[in-house]
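Chain residues, written in single-letter form:
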Amino acid sequence: MKDAELVQRKNDHLDIVLNPDRARSKVATGFERWRFEHCALPELDFDSIDLRTSLFGRPLNAPILISSMTGGARRAQAINRHLATAAQTLGLAMGVGSQRVALESDVNYGLNGSLREIAPDIPLLANLGAAQIVGRNGLDYARRAVEMIDADALIVHLNPLQEVVQIGGDRDWRGILAALGQLATTLAVPIVIKEVGAGISPSVARHLADAGVAMIDVAGAGGTSWAAVEGERARNPQQRAVAMAFADWGIPTAEALSGIHEALPTMPLIASGGIRDGIDIAKAIALGADLVGLAAAILPSANASDDAAIDYFQTLIMQLKVACFCTGSADLHALRRAPLYPVGGTS
């Protein structure tokens, strides 16, 4: 694919995702089916609630990952700088968008060492699509992606649905699991696997664990539907009809999270896909997540300014602390044990 076409695709994606009515999944995340038991006597000092954790040896002030969002478009440079500033200011983790354009052309639009200069202390995660790691250039691509931003880990995103309905998408997915296994044993940093909004099943998670991946981002249904995004980009009614039929496809985020955690209780997990607020973050932690990722929800603020991005995450953090307070949870360890019940169940 020509560089100009790749860049235009990234610009199209930004335009569509910034208008959530065009890109939102028709599926609910599943978090609405769960409710915490309220603690009327928390016996806690709210200001002493501790949300700290760590990722790949770097400390975090809250269990929040700015999920892989955008790369390859000129305006992505400002967005990623705003996000990196917010991450460094608040002590959050950050994953960059796909680095394919930067690797295959002379255009990086800020996906370079400047991000690490802005955010020297946070976990910073590189990102490639699964189709880019197969073949002779796969390991080289992965190494260059990590070196490009001095990353602590590499995210490899799985997006078969998006690719198969996308104009010019990658349709040959043979050999990806073997390539992941090779990366896990040869790359100098850990491998994180994420979906992009259709979820990961327990059976696929087991294959990934056997391949040696370090962490899984379930990235379930309930947020952005990339089938719908590609449907919006379709060039004719048939392409649009095929893509839009899958706008409600996928495993809801809460279901994917709880299923993988039950099947692989020691696998570190990231919950993403339609996270709305700090209460959803708290529910995800209680259902087995180590971190919670957000992408599309933060995009309008990240598109505006550093301050807007910081304000957005400060709100989430405060909501999460209130959820901890009202469940009697002094820290994330306690939150994982907080009573959480299916709506309609007995407490």
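Residues numbered from 1 in each chain as written. Predicted model: local features only at pLDDT ≥ 70, side-chain atom pairs only at ≥ 80, totals over all residues. Heavy atoms only, no water.

(A) The layout of surface pockets, seen in detail. There is about 270 Å³ of room inside the second largest pocket. Together, 14 residues line the second largest pocket, and Leu158, Trp173, Ile176, Val204 and Leu208 are the ones closest to its centre. Of all the elements in the fold, those that place two or more residues in the lining of the second largest pocket are helix H8 (176–186) and helix H9 (202–211). Split by residue class, the lining of the second largest pocket holds 10 nonpolar, three polar and one charged. (1 Å grid on protein atoms, 1.4 Å probe; cavity = no way out; pocket = protein on both sides within 12 Å on 5 of 7 lines; lining within 4 Å. Points joined across faces, edges and corners; volume = space filled by probe spheres on them. Helix = DSSP H or I, 4+ residues; strand = E, 2+ residues; numbered from the N terminus. Nonpolar A, V, L, I, M, F, W, Y, C, P; charged D, E, K, R; others polar.)

(B) Empty space enclosed by the protein, seen in detail. Applying the stated rule across the entire model yields one cavity of 30 Å³ or more. By volume, the largest cavity amounts to about 100 Å³. Put simply, the parts of the chain that give the lining of the largest cavity at least two residues each are helix H7 (160–165) and helix H10 (226–232). The dominant element in the lining of the largest cavity, judged by the number of residues it contributes, is H7, at three residues. Grouping the constituent residues of the lining of the largest cavity by class yields nine nonpolar, six polar and one charged.

(C) Geometry of the UniProt feature "binding site: Mg(2+)" (unreviewed entry) in the protein chain. Those places that UniProt annotates as "binding site: Mg(2+)" (unreviewed entry) correspond, in this numbering, to Glu163. For glutamate 163, the location among the structural elements is in helix H7. Those residues in contact with glutamate 163, other than ones at most four positions away along the chain, are Gly169, Asp170 and Trp173. (UniProt positions renumbered as here; feature names shortened; annotations may be inferred. Contact = heavy atoms within 4.5 Å.)

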